[in-house]
Amino acid sequence: LSHNLCTVLNVPHDPVALEEHFRDDDEGPVSNQGYMPYLNKFILEKVQGNFDKVEFNRMCWTLCAKKNLSKSPLLISDEDAFKVWVIFNFLSEDKYPLIIVPEEIEYLLKKITEAMGAGWQQERFDHYKIALNTSREGLSAWELIDLIGSGQFSKGMDRQTVSMAINEVFNELILDVLKQGYMLKKGHKRKNWMERWFVLKPNIISYYVSEDLKDKKGDIILDGNCCVEALPDKDGKKCLFLIKCLDKTFEISASDKKKKQEWIQAIQSTVNLLRAGSPPPHKEARQKRKELRQKLLAEQEELERQMKELQAANENKQKELETVRKQLEAAAARAAEEEKKRLQTQVELQDRFSLELEREKMVRQKMEEQVAQKSSELEQYLQRVRELEEMYKQLQEALEDEKQARQDEETVRKLQARLLEEETAKRAELEKWHLQQQQTIQMTEAEKQELENQRMIKEEALQVAMQQLKQLELERKEALEQYEEVKKKLETAANNTKSWKDKVAHHEGLIRLIEPGSKNPHLITNWGPAAFTEAELEERERSWKGKKATSE
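Residues numbered from 1 in each chain as written. Predicted model: local features only at pLDDT ≥ 70, side-chain atom pairs only at ≥ 80, totals over all residues. Heavy atoms only, no water.

- In the nomenclature of an unreviewed UniProt entry, the protein corresponds to Switch-associated protein 70 from the organism Sterrhoptilus dennistouni.
- As its UniProt record puts it under Subunit (unreviewed entry), the protein is described as follows: "The SWAP complex consists of NPM1, NCL, PARP1 and SWAP70." (UniProt positions renumbered as here; feature names shortened; annotations may be inferred.)

## Focus on the UniProt feature "domain: PH" (unreviewed entry) in the protein
Right, so step 1: Under the feature "domain: PH" (unreviewed entry), the UniProt entry names residues 176-272.
Right, so step 2: Between the C-alpha atoms that bound residues 176-272 there is a distance of 16 Å. The span itself is 16% helix and 44% strand. (Helix = DSSP H or I, 4+ residues; strand = E, 2+ residues; numbered from the N terminus.)

## Considering the sheet that holds strand S4 (residues 216-221)
Right, so step 1: On the basis of which strands lie adjacent, the open sheet formed by seven strands has the order S4-S3-S2-S1-S7-S6-S5 and antiparallel pairing. The strands lining the two open edges of the sheet, one partner per strand, are S4 and strand S5 (227-231). Direction aside, neighbouring strands of the sheet carry axes that sit 35° apart on average.
Right, so step 2: One ladder, built from two bridges, connects strand S1 (residues 179-186) with strand S7 (residues 249-253); its direction is antiparallel. When the sheet's bridge partners are listed, Lys185 is paired in S7 with Ile252. (Pairing = 2+ DSSP bridges. Axes fitted to C-alpha atoms, helices over the stretch in contact; angles between N-to-C directions.)

## Regarding helix H10 (residues 257-276)
Right, so step 1: Here H10 is 20 residues long and its end C-alpha atoms lie 28 Å apart, about the 28 Å a rise of 1.5 Å per residue gives.
Right, so step 2: For H10, the full list of buried residues reads Lys260, Trp263, Ile264, Ala266, Ile267, Thr270 and Val271. For H10, the buried positions fall inside an angular range of 165° around the axis, keeping them on one side. Facing away from the buried surface of H10 by more than 90 degrees, the exposed residues are Lys257, Lys258 and Ala276.
Right, so step 3: Looking at the packing, one finds that the buried side of H10 touches S1, strand S2 (193-201), strand S3 (204-208), S5 and strand S6 (240-244).
Right, so step 4: The distance from a side-chain oxygen at the start of H10 to the backbone nitrogen of Lys258 is 3.2 Å, and the residue carrying that oxygen is Asp256. (Expected span 1.5 Å × (residues − 1). Buried < 20%, exposed > 50% of the residue type's maximum accessible area, 1.4 Å probe, protein only. Arc of directions from axis to C-beta. Contact = heavy atoms within 4.5 Å. Polar contact = N/O pair within 3.5 Å; in protein donor to acceptor, adjacent residues only side chain to side chain.)

## A few points about the domain arrangement of the protein
Right, so step 1: Structurally, the protein comprises domain 1 (52-174), domain 2 (177-279), domain 3 (280-377) and domain 4 (380-419).
Right, so step 2: The straight-line distance from the C-alpha centre of domain 1 to that of domain 4 is 108 Å. (Domains from an automatic or database assignment.)

This is how it looks when you write it as structure tokens:
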């Protein structure tokens, strides 16, 4: 295993270090825990990156495929299964055991479906994704091979179409093939045109005799200084374009204009990526998808943490509310008990007051009888009143003695009196609020009456304005009628003037209208004013004489 790894990774093999590292001891020879330190230290740390990754993957596939690959028949070949396994290693998450998450599964299946030229079945994948999420986070490499090999998402496609689609996705994602196809290339020495199979990668264009890639004829090294240009048709070749590098220039002819434009755009995009120092598009897209998943996962964890905090706070609030509810229930129970005692005390006091009132009524009855008997004499009546007042004072003193004897009951009576005073104060406050409300209502009624008066005034002003508007409308109509009459008169006068002018023009030789005179003096002839002034006439006469002299 170590020798084969060193061979495919182009690392020199050190058998002495191998023997030293795996020397037998009491715990036994080779173990998984013992081999990983050796693999990291003596093999992986020496890798320079100048090895064939496909061959390395094929060796790892040889080691693990026989043990893990499903024995059930698949719709894909072993070579296609190997390519799916390599793609899995590229798209899987960076943690062990390796799995591919549903988002990357959807991305891979979409790429394969597009390569087959079929339509993507989003609803079917959503059902599959729901069933997958309920059981686990993703699929292993062998489960992904079973999924693609089962034909669940490629129904109706033959084995060759599926194989070609897997190969196209493998070339793009693993071999970094951005574009490939047949084109004609002009030779540098003999200047003849030969058909070649071109393969575009992020920093190189390789061309072969055929698409089996066995006979390689050369490379076009790409860098930030390269450029691609379209050329006009010449020498009977069409769809030409030119690739300029530092040391060489390559003339290439595509099969049609569409292919020509696609190759120019693909090469220009590759050169732009080299200038910017950016990775290939699919690797950059994979990194962005991974960062997006990590961001969503972090947001979900933060949301779960906030939900837990809210739930804990809610539970604490519920406990606090339960405690407050129990306290309120206890306070309500105490208040009910106190209210019951207060009512009982009030009933007792009312009974006692009733007895005292009955007693006072009896005494007053007796006094009234005595007053009625002694009413005939005022002095006797006044004397009796004084006696009654004296008796009333004695009764008050007796009551005071009784109150002094029942001091405990008086305390309760004072409590009742205080409660009654509070009730009276509240009632007075309510009456005050009632009075304020009535005053507010009265003020509102007054404002309403004032607004009504203003509305009546505005309505009266509106009526006056309407009457004025009607009056103005009548005046406007009268003015229009007068205008029409004047217009008719002007038209009649204009017709008369026109007919008169026609008559004057007809007899112009006899009569000519007197018009405002010109600023310059005009000649007057028998037929009216001349067409020229004297100065103009003299100028014309001199001109005529000059022409005449010249002609002679």
